[in-house]
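# Structural overview
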Amino acid sequence: MTMNRGVRMTVVPTLPTSLPEQLAGPSVWPAGAVLAPGGDVAVGGVPLLELAERYGTPVYVLDEAEVRARARAWRRALPDADVVYAAKAFLSRAVVDWMEQEGLGLDVCSAGELELAASRGFPAERIVLHGNAKSPQDLRTALRLGVGRIVIDSEGEIARLAAQVQGPEPQQVMVRVLPGIEAGGHRKIRTGGEGQKFGLSLANGDAEEAVARVLGQPGLELVGLHCHLGSQIASPEPYARAVRRLVALLARLRDRHGITLPELDLGGGFAVAYLPGDPAPAPAAYGRRIQDELIRSCAESDYPAPRLTVEPGRSIMAPAGVALYRVLAVKRSGGRVFAAVDGGMSDNPRPALYGARYTVRRVGRVSAAPMRATTVVGRHCEAGDVLAESVELPEDLRPGDVLAVPGAGAYHVSMASGYNMTGRPPVVAVAEGRSRVLLRRETFEDHRSRDIGL
Ligand SMILES: Cc1ncc(COP(=O)(O)O)c(C=O)c1O
Ligand SMILES: N[C@@H](CCCC[NH3+])C(=O)O
């Protein structure tokens, strides 16, 4: 693994005690994080304080080795399956390259994500296009680039897509089934239960109807079924349930239409730990349970086991990211202590959206001060702009201190907004003692140049 154009920084030797043992539990920090001299933490061999000073704050640090290791763990967990990284978690051109090199596919849900992948020459046949409301541009771009799979999410999309297919080769598609399974870490990130906007309902027959319609379109080739249950699903059991329901549906489709569909895509949603002790099964644990259930369900229905696809996003990216902020103000009110930092809900909307919890650590300064419950808030004009409610931080925390938030690799930068024109933070990749900018900081000039002044 080499880092082109990377900046060589202080080399931190791996210390005998790795960070996870001393700190917050095994999976909150990247596996290679170590304690560095002076109370600092090093990720990818680079001290975090040095990164904060060099690139300014807030800044997102991404550990390339951790991303690659997690991508490989998924491939090992399901060696006969396609592992497709869900780009919505975080995408940049370097990430496209990493996924390509690690043999993964890409799950994209817009023409924008598609174009970014294409700009790196990512093999189009390994791309899956999703979307409950795909725009004409999404479909046009997907067909032009020749993506491997388009996942049909509504009845109207079938004829709309088929009408655009040109040339003798049909477009390979899957039908997204709404399986009626409730799973996921928060009600706003559950997508598999009845009454959701995603997919075609299994319960009311829409899924079967959609399959019949796709089969009637010569421009489309149905290769399988898809479902995605939700996100932060901390047990393999909902996936096993989904396998049972979808294999039963595959068997019914065989009996009704005489077809044997060769693929089954179970989506993503595999949980990570944000707090020490959060349940986060290893890819191998999900993989084993899914594989066992597939064999059992297929045997029951006398159905040849379809090729599996999984679409992990957070599971690959979240634990590889650390957000760094600088404290701007410390104050008390109503018996609470607040530390206000130079970022907030514009770079991490997850606490405001889902009540998400995080671990926070001061880096680069040690003291004997006792710890106390401190609420880390952002700089935005909202009472709900809280990054971490009631975390333990030293009593002598003061403006200028740097705070590190692990677990920040997924759904922070990709969901960042331009609120208050504070500028979205840069993303810096670290590996082998070097750092390089993947995304630069958004500047006032970026905002101004969009404003055409009429
Ligand atoms: C269709 C689909 N696949 C995969 C994912 C990735 O989910 P996660 O990042 O939780 O693995 C999502 C987002 O939840 C999704 O909507
Ligand atoms: N954005 C959500 C997950 C949604 C996944 C996309 N379907 C989160 O941060 O937890």
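Residues numbered from 1 in each chain as written. Chains lettered and ligands numbered in written order. Predicted model: local features only at pLDDT ≥ 70, side-chain atom pairs only at ≥ 80, totals over all residues. Heavy atoms only, no water.

Position of D153 among the secondary structure elements: in the loop between strand 9 (149–152) and helix 7 (155–164). The buried charged residue D153 lacks any salt bridge partner; its closest oppositely charged side chain belongs to R176, at an N-O distance of 4.0 Å. At a separation of 2.8 Å, a polar atom in the side chain of D153 contacts the main-chain amide nitrogen of G199. Setting aside anything within four residues of it in sequence, one finds D153 in contact with G131, N132, K134, R176, K197, F198, G199 and L200. (Helix = DSSP H or I, 4+ residues; strand = E, 2+ residues; numbered from the N terminus. Buried < 20%, exposed > 50% of the residue type's maximum accessible area, 1.4 Å probe, protein only. Lys, Arg positive; Asp, Glu negative; His and termini not counted. Salt bridge = Lys/Arg side-chain N within 4 Å of Asp/Glu carboxyl O. Polar contact = N/O pair within 3.5 Å; in protein donor to acceptor, adjacent residues only side chain to side chain. Contact = heavy atoms within 4.5 Å.)

Per the UniProt record, the feature "modified residue: N6-(pyridoxal phosphate)lysine" (unreviewed entry) sits at K88. Owing to a relative accessible area of 29%, K88 belongs among the partly exposed residues under this scheme. Non-local contacts of K88, meaning those with residues more than four positions away in its chain, are made with D107, C109, E113, Y411 and S414. (UniProt positions renumbered as here; feature names shortened; annotations may be inferred.)

This part takes up the site of ligand 1. Close to ligand 1 lie 15 residues; H228, S231, G269, E311 and Y411 are nearest. Within the backbone of G269, a nitrogen or oxygen atom sits 2.8 Å from an oxygen atom of ligand 1. Taking Y411, its side chain carries an N or O atom lying 2.6 Å from an oxygen atom of ligand 1. When isolated, ligand 1 has an accessible area of 390 Å², and the protein chains bury 91% of it. By residue class, the composition of the shell around ligand 1 is four nonpolar, six polar and five charged. (Near = heavy atom within 4 Å. Areas by Shrake-Rupley, 256 points an atom, 1.4 Å probe, with all protein chains shown as cover. Nonpolar A, V, L, I, M, F, W, Y, C, P; charged D, E, K, R; others polar.)

Moving on to the environment of Y419. Along the chain, Y419 turns up in the loop between strand 20 (402–406) and strand 21 (427–431). Each C-alpha atom of the pair Y419 and A282 lies 36 Å from the other, and the pair is 137 residues apart in sequence. Dropping the residues within four chain positions of it, Y419 is found in contact with M345, S346, H380, C381 and E382.

Strands pair in a sheet through their backbones, by hydrogen bonds, and they do so in one of two ways: parallel or antiparallel. Across the sheet, which stays open at both edges, the three strands sit in the order 2-3-4 with antiparallel pairing between neighbours. Edge positions in the sheet fall to strand 2 (34–36) and strand 4 (46–47), since each has one partner strand and no second. The sheet contact formed by strand 3 (residues 40–43) and strand 4 spans two bridges and is antiparallel. Bridge pairing links V43 to V46 in strand 4. (Pairing = 2+ DSSP bridges.)

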